[in-house]
Amino acid sequence: MNNDAYLNSRRKFVKQTATLAGAMMAAPLLSNANFFSGSDDAIKIVLIGCGGRGTGAAMQALMSKQNVQLVAMADAFRDNLDRCLNNLIKTAESSGNKAIKDRITVPEERKFTGFDAYLKAIPLADVVILATPPGFRPIHFDEAIKQNKHVFMEKPVATDPAGVQKVLATAAIAKQKKLNVVVGLQRRYQNSYRELFKRKDEIGDIVSAQAWWNNDGVWVRPRKPEQTEMEYQMRNWYYFVWLCGDHITEQHIHNLDVINWFKEGYPVKAQGMGGRQVRKGKDNGEIFDHHYVEFEYADGSLLNSQCRHIPGTMSRVDELLVGTKGRIRCGAGRITDAKGNTIYQFDRKTENNPYQTEHDELFAAIAKGEYQFADAERGAKSTMTSILGRMATYSGQVIEWDKALNSGLDLHPKVYDFAATPPVLPNADGFYPVAIPGVTKYS
Amino acid sequence: MNSGKDRTKQTKFLVLGILSYLPASTQNNIVAFKPYEQPVPGSLLKFKMVPVPQGEFSLGSPATEMHRHSDEGPQHKVGVSAFWIGVYEVTRDEFDVFLKDETTSQNSDVDAVTRPSPQYIDFSLGMGKEGGFPANSMSQYCALMYCKWLYQKTGIFYRLPSEAEWEYACRAGSNTAYYYGNDAGKMKDYAWFKENSDDKFHKVGQKLPNAWGIYDMLGNVMEWTLDHYEGDYYQHINNQEKDPLEKPNESVYPKSLKGGGYDTEADALRSATRFKSDPSWNRRDPQIPKSKWWLTDAAAVGFRIVRPLQQPTPEQAEAFFKTYLSQ
């Protein structure tokens, strides 16, 4: 279909994309986007997932140079939503730009809570921001694309192979519908990484790589007596694999994605080791505190990947690519030759804020009526890379990409409800079952 | 915006209220005013403090100083009460004792002393941690919480220096652009800065000290002061004013820093140069609210601490921390 005819106005683009999509899907779900806005030019966003990162993403969208309006919010919990809205307003006020505050228009009737809150918010959007715990991303992304919305979604985009498959399928539909999708793997939007990528041939063929996300770890949210098991897991989501994917997925995906990007491919298999050495309390759920994975790409090159959440140990968050003629040191923004001499050094003064750039570029494209961003597929495959690593460390086996992706492994509950039973439960002493390499099969 | 006169009054009030406590009743007042080593509670580490006698000096730079900025003047002769100051910038080893103190809550909204949230990434950025590298990338709030933790553990009131105290200690009796003279060409003997740092900070105490035996006042990491930054602050100071201080402001930004860092050019490493914090120093924190502890884009920011000779009463110390840590 010829897109040129309706590149003139973004509004037209949004509507016609919707019409086109509706026709293609034989499900004429038109965006009723105009209904809530006083200004026809406004790009209306809704935020699904009102934690610290969702709040940050919404503010970055509002701070983009386009006329973006936040019109609705959704979260499993009302207190999260209220805190988020309050923080957005405070941040907007302190920005000194009154227009930003005026772009936050979320009255009571457009605040939605509960597991199904996303269903009520998405129809009100031109662009949906997905920032809940990653376990929900596949169903939220699917709904947003069904309803013909552009999407910004945080990484990772799933926590299990079934979720990755769903996102891949949805990504294909988004592509057909020409809906822009940006995934928050921010190094792809960071000047230093982009400059290094442009020059990657200077190191010859990449024969091996290293990736690190070693630090102290993150927050814990202790159980409260009034919480159901489902609510507790939702609140303390970092420690449950169905919600978080383990920290190799939730965090280390950044570094794995950089290697995939520079390698222009994805691993074919992985093996590794990991466990829980120090972080093993009742509030630490079921995830490991360290993983070390050897990924192998189709050309035989290796990626040695380590991620650790152990206070007091060596902290490093970085990537290194080793080529036949030199090395790319991502954190330092430097390329060296085989002898270690610097042949390129990125000028730190030209570094950007990649979190802001993600939104600037996405909303500029939408405002112009352009289709430029199709991050979902690579986001899904880098998510799968991290899941492959987790399957390798949990099982202690060699795990092959194709088998893992097609394993059908689905960690999610049958029913999403605070009274429902989550997929993993504590024993009588309050401890959760934890993967044991050599015993655990795939999970 | 307050008028200059009002601000001067408020500044004086704060000086009386916070810096020059009278009378004090703790034992700390009767210790000899000489160099000492302070053990870091819960560790085998010690840090060195040297006495800085009370005196007067010219705050700011003369209009004739090369590379001078307008916020450095006009110069005023001001008085400074006696205090001890850290011989070195606070090191990461010392700071880590606080970070890892399991007896103190972490990132609590209700506890009076609480530890920072864990560092989301490695904010030393590979420049070095163990063995005497300076602590870096922390907010003024975080640096002051370290002081409060020290106070709670030792009973001795430590805090950040005021701009005036910092500059008095840095100059060590000098009135030249740098504490060793006016020749920027000699900077490499005294400081880690843009020209010789290899774009990273270095272990403290490797360069030459000033006349009072204080190291790395210029370069390496720039140092937080107590003052809220006002560009016209020096215009409202009176000659002979005692212990001037720009009172805390409701807004977090900008605060005043001194001394420059490893990435600072020589002409901005003068004793009189003033730096101001900026929201861009935390622009790559993806969350809202942004961390109150860590700065994502200020790797060259650290701090040094002082101990006033005239120690405050416990009530005054509490009031001080309440004022500065309630922002």
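Criteria and thresholds
- Starting from 1, residues in each chain are numbered consecutively following that chain's sequence as written.
- Starting at A for chains and at 1 for ligands, labels are handed out in the order in which the entities are written.
- Whole-chain, interface and lining totals are the exception, using all residues; otherwise, since this is a predicted model, local features are given only for residues with pLDDT of at least 70 and side-chain atom pairs are given and counted only at 80 or more.
- To get the side-chain values, take all heavy atoms of the structure and skip hydrogens and water.
- Counting from the N terminus, the helices are the DSSP runs of H or I reaching at least four residues and the strands are the DSSP runs of E reaching at least two.
- The globule rule is 2.2 Å times the number of residues to the power 0.38, and the radius of gyration it is compared with is taken over C-alpha atoms.
- Residue contacts follow a heavy-atom distance rule, with two residues in contact if any of their heavy atoms lie within 4.5 Å.
- Computed with the Shrake-Rupley method and a 1.4 Å probe, the accessible areas treat only the protein chains shown as cover for residues.
- His is not counted here, nor are the chain ends, while Lys and Arg score as positive and Asp and Glu score as negative.
- By convention, the charge on Lys lies at NZ, on Arg at CZ, on Asp at CG and on Glu at CD.
- Two parts placed together each lose some accessible area under a 1.4 Å probe, and the buried area is that loss summed for both.
- Salt bridge criterion: a side-chain nitrogen from Lys or Arg within 4 Å of a carboxyl oxygen from Asp or Glu.
- For each residue, the accessible area found with a 1.4 Å probe, counting protein chains only, is set against the maximum for its type, and the residue is called buried under 20%, exposed over 50%, and partly exposed in between.
- In plain words, nonpolar cores are sets of buried Ala, Val, Leu, Ile, Met, Phe, Trp, Tyr and Cys residues tied together by side-chain atoms within 4.5 Å.
- Only strands joined by at least two bridges in the DSSP assignment are considered to pair.
- Axes, fitted as lines to C-alpha atoms, cover a helix only where it is in contact. Angles between the N-to-C directions of the axes lie from 0 to 180 degrees.
- The predictor attaches a confidence to each residue, and that confidence, scored 0 to 100, is pLDDT.
- Nitrogen and oxygen atoms within 3.5 Å of one another constitute a polar contact, given that in protein one can donate a hydrogen and the other can accept it, and given that sequence-neighbouring residues count only through two side-chain atoms.
- Within 6.5 Å between ring centres, the rings of Phe, Tyr and Trp (the latter by its six-membered ring) count as paired, and their orientation is classed by plane angle as stacked under 30 degrees, edge-to-face over 60, tilted in between.
- Charges are assigned to positions over rings by a cutoff of 6 Å between ring centre and Lys NZ or Arg CZ, combined with an angular limit of 35 degrees from the ring normal.

Another aspect to go through is the overall build of chain A. Secondary structure summary: chain A contains 15 helices and 15 strands in total. On C-alpha atoms alone, chain A measures out to a radius of gyration of 22 Å, which is about the 22 Å that the 2.2 N^0.38 rule sets for 443 residues. In terms of its C-alpha atoms, chain A occupies a principal-axis envelope of roughly 60 × 55 × 45 Å. Summarising the internal contacts of chain A: among those between residues at least 6 apart in sequence, 74% fall at separations of at least 24. Accessible surface, chain A as shown: approximately 17,200 Å² in total, 52% of it carbon and sulfur. With 56 positive and 50 negative side-chain charges, chain A shows a spacing of 2 Å between the two charge centroids.

For the rest of this paragraph, the subject is the interface of chain A and chain B. Taken together, the contact pairs 24 residues of chain A with 14 residues of chain B. Interface of chain A and chain B: buried area, both sides summed, is about 1,700 Å²; carbon and sulfur atoms make up 51% of it. For the chain A face of the interface with chain B, the top three residues by lost area are Ser315, Asn353 and Tyr355 of chain A, together amounting to 23%. Joining chain A to chain B, the criterion identifies zero salt bridges.

Below, the discussion takes up the environment of proline 279 of chain B. All names here are of chain B. With respect to the helices, strands and loops of the structure, proline 279 is situated in the loop between β9 (274-276) and β10 (301-302). Owing to a relative accessible area of 47%, proline 279 belongs among the partly exposed residues under this scheme. Separated by 25 residues in the primary sequence, proline 279 and proline 254 have C-alpha atoms spaced 8.2 Å apart.

Before going further, it helps to spend a moment on the nonpolar core. Residue and element names in this part refer to chain A. In this structure, Val46, Ile48, Phe141, Met153, Met234, Trp242 and Leu321 are the most contacted members of the largest nonpolar core, which totals 93 residues. A total of eight residues in this core trace back to one element, the largest contributor, which is helix α14 (residues 376-395). Apart from residues no more than four positions distant in its own chain, valine 46 is found in contact with Leu70, Val71, Ala72, Ala121, Ile122, Leu124, Ala125, Val127, Val128 and Ile129.

The next point concerns the sheet that holds strand β3 (residues 55-59) of chain B. All names here are of chain B. Spatially, β3-β4-β7 is the arrangement adopted by the three strands of the open sheet, whose pairing is mixed. Single-partner strands in this sheet number two, and they are β3 and β7 (241-242). Together, β3 and β4 (76-80) form the strand contacts of helix α4 (residues 163-171), whose direction differs from that of β3 by roughly 100°.

Averaged over all residues, the pLDDT of chain B equals 91, while 91% of them reach at least 70. Between residues 1-29 of chain B, whose pLDDT stays under 50, and residues either more than four places distant or in other chains, the model counts 56 contacts.

Glancing now at the confidence of the model for chain A. Residues and elements named next belong to chain A. Summarising the model, chain A shows a mean pLDDT of 92, and 91% of its residues fall at 70 or more. Across residues 1-10, where pLDDT falls below 50, the model places 17 contacts with residues more than four positions away in sequence or in other chains. Note on residues 21-38: pLDDT is under 50 here. Beyond four places in sequence and across chains, it has 32 contacts.

So, about the sheet that holds strand β5 (residues 150-153) of chain A. Residues and elements named next belong to chain A. Ordered in space as β3-β2-β1-β4-β5-β6, the six strands form an open sheet in which the pairing is parallel. Edge positions in the sheet fall to β3 (111-113) and β6 (181-183), since each of these pairs with one other strand and no more. Within this sheet the neighbouring strands show an average axis-to-axis angle of 20°, counted without direction. Pairing of strand β4 (residues 127-130) with β5, which is carried by four bridges, proceeds in the parallel orientation. Considered in β5, the bridge of isoleucine 129 is made with phenylalanine 152.

Take the environment of aspartate 299 of chain A next. Residue and element names in this part refer to chain A. Following the sequence through the fold, aspartate 299 ends up in the loop between β9 (290-296) and β10 (302-309). In sequence terms aspartate 299 and leucine 130 are 169 residues apart; their C-alpha atoms lie 35 Å from each other. The residues contacting aspartate 299, other than those within four sequence positions of it, are Ile206 and Lys263. A polar contact of 2.6 Å, which involves the side chain of aspartate 299, links it to the side chain of serine 301.

Aromatic ring pairs are defined here through the distance separating the ring centres and the angle between the ring planes. One pass over the full model with this rule turns up 50 aromatic pairs over all chains. Centroid distance tryptophan 213 of chain A to tyrosine 120 of chain B: 5.6 Å. Interplanar angle 75°. Geometry classified as edge-to-face. Highlighted residues: tryptophan 213 of chain A in strand β7 (residues 206-215) and tyrosine 120 of chain B in the loop between α2 (92-99) and α3 (140-154), drawn from two different chains. Measuring from ring centre to ring centre gives 5.5 Å for tryptophan 237 of chain A and tyrosine 238 of chain A, while their planes differ by 40°; the resulting arrangement is tilted. On the basis of relative accessibility, which here comes to 3%, the residue tyrosine 238 of chain A falls in the buried class. Three or more aromatic residues link up through ring pairs in this structure, and these residues are Phe95, Phe98, Phe123, Tyr146, Trp149, Trp294 and Phe303 of chain B. Its guanidinium or amino end placed over the ring of tyrosine 344 of chain A, arginine 199 of chain A lies 4.0 Å from that ring's centre, counting from NZ or CZ. Positioned above the aromatic ring of tryptophan 192 of chain B, the side-chain terminus of lysine 207 of chain B is 4.2 Å from the ring centre.

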